[in-house]
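# Architecture and fold: a report
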Amino acid sequence: MTGRLWGVGLGPGDPELVTVKAARLIGQADVIAFHSARHGRSIARSVAAPYLREGQVEEALIYPLTTETTDHPGGYQGAIDDFYAACAVRLAAHLDAGRDVVVLCEGDPLFYGSYMHMHKRLSHRYVTEVVPGVTSVSGASAVLGRPLVERDEVLTVLPGTLPAEVLAERLASTDSAAVLKLGRTFTKVRDALAEAGRLDEAWYVERATTGQQRLAPLAEVDPGSVPYFSLALIPSPVNAAGPAPATAAPAAPKARGEVVVVGLGPAGRPWLTPEAQEALAGVDELVGYGPYLDRVPPNPRQRRHPTDNRVEAERAAHALELAAAGSRVAVVSSGDPGVFAMASAVLEVACEPRFADVPVRVLPGLTAAHAVASRAGAPLGHDYCVLSLSDLLKPWEVVAERIGAAARADLVLAIYNPASKSRTWQVAAARDLLLEHRAPETPVVVGRDVGGARESMTVTTLGDLDPDAIDMRCLLLVGSSTTRVAERGDGSRVVFTPRRYPA
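Residues numbered from 1 in each chain as written. Predicted model: local features only at pLDDT ≥ 70, side-chain atom pairs only at ≥ 80, totals over all residues. Heavy atoms only, no water.

Turning next to the packing of helix 6 (residues 164–172) against helix 7 (residues 186–195). Packing of helix 6 against helix 7 brings their axes to within 8 Å, and their N-to-C directions diverge by 45°. Classed by the angle they form, the pair helix 6 and helix 7 counts as oblique. Here helix 6 and helix 7 pass one another in a crossing that is right-handed. Across the interface between the two elements, Ala-164, Leu-167, Ala-168 and Leu-171 of helix 6 pack against Lys-188, Val-189, Ala-192, Leu-193 and Glu-195 of helix 7. Taken together, the residues of the contact of helix 6 with helix 7 break down into seven nonpolar, no polar and two charged. (Axes fitted to C-alpha atoms, helices over the stretch in contact; angles between N-to-C directions. Helix = DSSP H or I, 4+ residues; strand = E, 2+ residues; numbered from the N terminus. Parallel < 35°, antiparallel > 145°, perpendicular 65-115°, else oblique. Left-handed = near helix turned anticlockwise from the far one by under 90°. Contact = heavy atoms within 4.5 Å. Nonpolar A, V, L, I, M, F, W, Y, C, P; charged D, E, K, R; others polar.)

It is worth spelling out the confidence of the model for the protein chain at this point. Detailed reading of the predicted coordinates is not advisable wherever pLDDT falls low. Across the protein chain, the average pLDDT comes to 91, with 96% of residues at 70 or higher. Between residues 243–252, whose pLDDT stays under 50, and residues either more than four places distant or in other chains, the model counts one contact. (pLDDT = per-residue confidence, 0-100.)

With respect to topology, five strands assemble into an open sheet ordered 6-7-10-8-9, the strand pairing being mixed. Since the sheet does not close on itself, it has two edges, and those belong to strand 6 (155–159) and strand 9 (214–217), each with one partner. The mean angle between the axes of side-by-side strands here comes to 20°, regardless of whether they run parallel or antiparallel. Sheet strands in contact with helix 5 (residues 136–144) are strand 7 (176–180), strand 8 (203–206), strand 9 and strand 10 (230–234), and its direction is about 65° off that of strand 10. Contacting strand 6, strand 7 and strand 10, helix 6 runs over the sheet at an angle of about 170° to strand 6. (Pairing = 2+ DSSP bridges.)

Quick look at the sheet that holds strand 12 (residues 285–289) now. The strands making up a sheet associate through hydrogen bonds between their backbones, and the pairing can be parallel or antiparallel. The parallel open sheet is built from five strands, whose spatial order is 13-12-14-11-15. A single partner strand is all that each edge strand has here, and the edge strands are strand 13 (303–307) and strand 15 (360–363). Averaged over all pairs of adjacent strands, the angle between their axes in this sheet comes to 20°, without regard to strand direction. In the sheet, strand 12 pairs with strand 14 (residues 328–333) via three bridges, with the strands oriented parallel. Bridge pairing links Val-287 to Val-331 in strand 14.

Quick look at the packing of aromatic side chains now. Enumeration over the complete set of coordinates arrives at nine aromatic pairs. Taken together, a centroid distance of 6.4 Å and an interplanar angle of 85° make the contact between Tyr-63 and Tyr-84 edge-to-face. Within this pair, whereas Tyr-63 is found in the loop between strand 3 (57–62) and helix 3 (75–96), its partner Tyr-84 is found in helix 3, the two being separated by 21 residues in sequence. With relative accessibility at 7%, the residue Tyr-84 sits in the buried group. Ring geometry for Phe-111 and Tyr-112: centres 5.3 Å apart, planes at 70°, overall edge-to-face. Owing to a relative accessible area of 26%, Phe-111 belongs among the partly exposed residues under this scheme. Owing to a relative accessible area of 38%, Tyr-112 belongs among the partly exposed residues under this scheme. Ring-pair connections join several aromatic residues into one group, and the members of that group are Tyr-63, Phe-83 and Tyr-84. (Phe/Tyr/Trp six-rings, centres within 6.5 Å; stacked < 30°, edge-to-face > 60°. Buried < 20%, exposed > 50% of the residue type's maximum accessible area, 1.4 Å probe, protein only.)

Attention now goes to unusual backbone geometry. Of note in this structure, Tyr-112 is not a glycine but carries a positive phi near 50°. Within the secondary structure layout, Tyr-112 lies in the loop between strand 4 (101–105) and helix 4 (116–122). Phi is positive for Thr-209, which is not a glycine, with a value near 75°. Within the secondary structure, Thr-209 sits in the loop between strand 8 and strand 9. According to the relative accessible area criterion, Thr-209 is buried, its value standing at 18%.

The topology assignment puts Gly-224 in the loop between strand 9 and strand 10. Along the sequence, Gly-224 and Thr-187 sit 37 residues apart, while their C-alpha atoms lie 9.3 Å from each other.

We now examine the pattern of salt bridges. Enumeration according to the criterion identifies 21 salt bridges in this entry. The partner of Asp-284 in a salt bridge is Arg-328, with the nearest N and O atoms 2.7 Å apart. Note that Asp-284 is positioned in the loop between helix 8 (274–282) and strand 12 and Arg-328 in strand 14, a separation of 44 residues in sequence. The class for Arg-328 is partly exposed, based on a relative accessible area of 38%. Among the salt bridges present, the one from Arg-448 reaches Asp-471, with a minimum N-O distance of 3.4 Å. Of the two residues, Arg-448 is situated in strand 19 (residues 443–448) and Asp-471 in the loop between strand 20 (456–461) and strand 21 (474–478); the sequence distance between them amounts to 23 residues. Its relative accessible area of 23% is what places Arg-448 among the partly exposed residues. Residues joined in a network through salt bridges with shared partners are Glu-206, Arg-207 and Arg-214. (Salt bridge = Lys/Arg side-chain N within 4 Å of Asp/Glu carboxyl O.)

Attention shifts here to helix 3. Spanning 22 residues, helix 3 covers 32 Å between terminal C-alpha atoms, matching the ideal 32 Å at 1.5 Å per step. For helix 3, the complete set of buried residues consists of Gly-78, Ala-79, Ile-80, Phe-83, Tyr-84, Cys-87, Ala-88, Leu-91, Ala-92, His-94 and Leu-95. Those residues of helix 3 that are buried lie in contact with strand 1 (5–9), strand 2 (31–36), strand 3, strand 4 and helix 4. One or two positions beyond helix 3, positive phi appears at Gly-98, with a value near 90°. (Expected span 1.5 Å × (residues − 1).)

Written out as structure tokens, the structure is:
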């Protein structure tokens, strides 16, 4: 089998700008080929040196001449064509013997790259792949810190070897430009820039990203000091003048803050919607109950304001005050913020006159009821109601009346906040109220910490429900008269409420 030919771009000069793929291929190759002048020093090899390994065959492709003066019968082009043909024969011998060959190339192999001459002569005969690299133009723009083009602007890349009149015409008709292959063409390029009226915009960049890097306004550069590995750059006209002096900078407009109430879902990141993730990533301040804030990955750019679970109005006011001062604020809730959570608390305070101009958005989250139902099967497949057993914000008489009404209406119940350290009797009381209207065999699903590390699911009946086994981490789903528990052929058990209600 023949070897594989790789044309590998090395970027503008900094070995750390060599791509991961290029570094891997360089280390794996049997043969490393690189071009150099007659002095034998290869810039490409020096960039790749950190990735070479001992024992690799190195093929130095040394140019036979450095100027266009030659006694070759075919002139300069004939001499270069013979050189490339001879190099191709050398590399083909390795490929025919089954050795993989990597041809190193500064910048990008197919962007004025030396590799392309091997590609034209060998790629039709051998399996070949080109690995792109960071171009010298991109490297120069990066070290200058100036965008090349913005919006609909046009970038023109020119070789400095073009005739002066062509250079001037092209430079006058484009927004941004890069002129490569300076060296002996520098004076001509400078004159063309002046003729096009662009000299004051032009920058000189030499050996970008390396330890020998040099940057200067092109008009100030001595032509005698310009090597081949340099270029002229006209950045985006929007930025050509550079940053304005601090004294001339306009005053920054006052930021317009907002409050976004975000539902985190019942547990970790997999339960978080993409919309919620985007909102959390974009805010300046995070406000919420401490354990819920802990579920949001820390970001040193953002300030966090954890609070106790019983200060919802104060928490909402704090978030709105931060937004009124210009901050983008996320108020986080477990599950869905509109289900026994912070959305209503924030909106209630936001309706006060002092916060009339503060924008408020509510982003939904996956509810605990839906999470528990999904683990059990489909117990919420028909009409259902959601209620909280907590009597902290409403009297127990109201809770009891609603339990009875839901039971009489034969609705499935999703029961939040069933018990806490200070509320230990409501589960038994609710069970007794439901048994006045439901059979003891009515299915009950108990979901604890769904999505969390200590998740557990229990399927029992209303008659066997043990109140002592229920705590604040639980959510109860009490079936209707049609809710069924079924054993499937694979041994699993599912709970579902049919969509069709009996006549």
